[in-house]
Each structure stands twice: as structure tokens, then as C-alpha cells.
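One-letter residues, chain by chain:
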Amino acid sequence: MAILPILCYPDPRLHTVARPVQAVDERVRAIITDMLATMYDAHGIGLAATQVNVHERIVVIDVSEERNQPLVVINPEIVWASPETHVGDEGCLSVPGIYDGVERAIAVHVRALDEHGQVRTIKAEDTLAVCLQHEMDHLLGKVFVEYLSPLKRNRIKTKMVKMQREAAE
């Protein structure tokens with residue numbers, strides 16, 4: 001189990017479209033174990049493989065209060081989204097300290113493989129639905145700040161570059 005480095009916006013690797021997982025094997029389960037450790041260490045509720053520079057369609061989530069109900073989704077696809085939407089503040093481990101409103105469907109049904117390679121359908125609403133949509137965007141190479149106005153996005157980019165530069169000094 002390893003804590004993986006999380007890519008920070010505006011790292012261009014965050015815009016890589018993830019490829020489907022061909023087989024859920026020990027290699028993939030090791031990635032999942034490391035992703036869960038990384039997510040918990042960073043106090044996040046979700047992490048996409050893209051964020052740790054693994055460009056495969058793997059997401060880990062845990063929205064439970066006790067942080068003991070990990071959910072693994074591999075090759076996820078939204079098969080239904082509610083027409084009702086909600087704008088809620090989102091944050092991201094790849095954009096630390098930044099929160100802003102993003103419009104998302106309030107409920108989704110996602111078909112995916114679990115960590116054993118079994119197909120399952122997850123019926124999600126509220127925080128889990130938002131988290132699934134957010135993490136699945138990462139697999140498509142999209143970061144939540146791309147939903148914001150160009151002005152806000154540029155301010156965030158400038159702030160993030162400055163933070164990274166100061167951290168490197």
C-alpha cells in the first residue's frame with residue numbers, strides 16, 4: 001500500500017482521457033488499494049485514477065461519515081441521469097483549497113465493474129451522485145473548474161501555479 005502523488009491543476013496530464021480496464025486482476029486491485037490509501041490520506045471523498053497519473057477508468061469513493069465504506073467503480077458509465085439538477089459547491093484533491101458551484105444531476109444510475117470484476121448498477125443521489133459525476137469527469141480528462149467562467153478558471157490557474165511554485169522553493 002502506497003500513498004500516490006496527486007496531480008494538481010493545471011497539470012496537462014489531468015486532461016488525459018482514461019482507457020478502459022481490460023481485466024480486473026491483481027495489478028488493478030493493487031492500484032485500487034493505493035488509490036484508497038491516497039484518498040483517505042488526503043481526506044478526500046473520491047479519487048479518479050487520472051488524478052494519480054494512472055490513465056485507466058478506475059474510481060474510488062467513500063462518502064460515509066465513518067470513512068469505512070469504500071466504493072470501487074471500474075469502467076463506469078452513466079446509464080440514467082435525473083432531469084433535475086442542483087448547483088452545489090465542489091472541491092477537488094487536484095485543486096486544493098478551491099470550492100465553487102457546479103451544476104450536476106441530483107441522481108444517477110451508473111453501471112460499472114467492482115473490484116472483483118462483477119458488473120453492478122449503482123443508484124446514487126445527493127453527495128454520492130455528485131461525487132460519481134465529478135470523478136467520471138476526471139476519466140474524460142475534465143476538471144471541475146472547466147465548468148466555471150473563463151475568468152474564474154484563469155484566476156484559479158494563476159493561484160494554483162503560484163502555490164506550486166512556492167511549494168517547490
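A. Representation of the packing of aromatic side chains within the structure. By the definition in use, this model includes zero aromatic pairs. When the ring centre of Tyr-147 is taken as origin, the NZ or CZ atom of Lys-142, which lies over that ring, is 4.0 Å away.

B. Layout of the sheet that holds strand S3 (residues 71-81). Strand order in the open sheet formed by five strands is S1-S2-S3-S6-S7, with antiparallel pairing between adjacent strands. In this open sheet, the two strands that pair with only one neighbour each are strand S1 (46-48) and strand S7 (119-125). Ignoring strand direction, the axes of neighbouring strands in this sheet form an average angle of 40°. One ladder, built from three bridges, connects S1 with strand S2 (residues 58-61); its direction is antiparallel. Pairing of Leu-47 across the sheet is with Val-60, part of S2. The strands touched by helix H2 (residues 126-139) within the sheet are S1, S2, S3, strand S6 (107-113) and S7, with S7 carrying the most contacts at an inclination of about 120°.

C. Quick peek at helix H1 (residues 26-41). Helix length check: H1 (16 residues) gives 22 Å between terminal C-alpha atoms against 22 Å at 1.5 Å per residue, within 8%. Of all the residues in H1, the buried ones are Val-28, Ile-31, Ile-32, Asp-34, Met-35, Leu-36, Ala-37, Thr-38 and Met-39. Tucked into the core, H1 has its buried residues touching S1, S2 and S3. Looking at the residues trailing H1, positive phi occurs at His-43, about 60°.

D. Expanded view of the nonpolar core. Among the nonpolar cores identified, the biggest contains 17 residues, and Val-73, Val-108 and Leu-132 are the most heavily contacted of them. Every element with two or more residues in this core is listed here: S2, S3, S6, S7 and H2. Of all the elements, H2 adds the most residues to this core, at five residues. Val-21, Ile-31, Ile-32 and Ile-74 belong to the second-largest nonpolar core, a separate cluster that totals 16 residues.

Each value, and the rule that gives it
- Residues numbered from 1 in each chain as written.
- Predicted model: local features only at pLDDT ≥ 70, side-chain atom pairs only at ≥ 80, totals over all residues.
- Heavy atoms only, no water.
- Phe/Tyr/Trp six-rings, centres within 6.5 Å; stacked < 30°, edge-to-face > 60°.
- Lys NZ or Arg CZ within 6 Å of the ring centre and 35° of its normal.
- Pairing = 2+ DSSP bridges.
- Helix = DSSP H or I, 4+ residues; strand = E, 2+ residues; numbered from the N terminus.
- Axes fitted to C-alpha atoms, helices over the stretch in contact; angles between N-to-C directions.
- Contact = heavy atoms within 4.5 Å.
- Expected span 1.5 Å × (residues − 1).
- Buried < 20%, exposed > 50% of the residue type's maximum accessible area, 1.4 Å probe, protein only.
- Core = buried A, V, L, I, M, F, W, Y, C linked by side-chain atoms within 4.5 Å.

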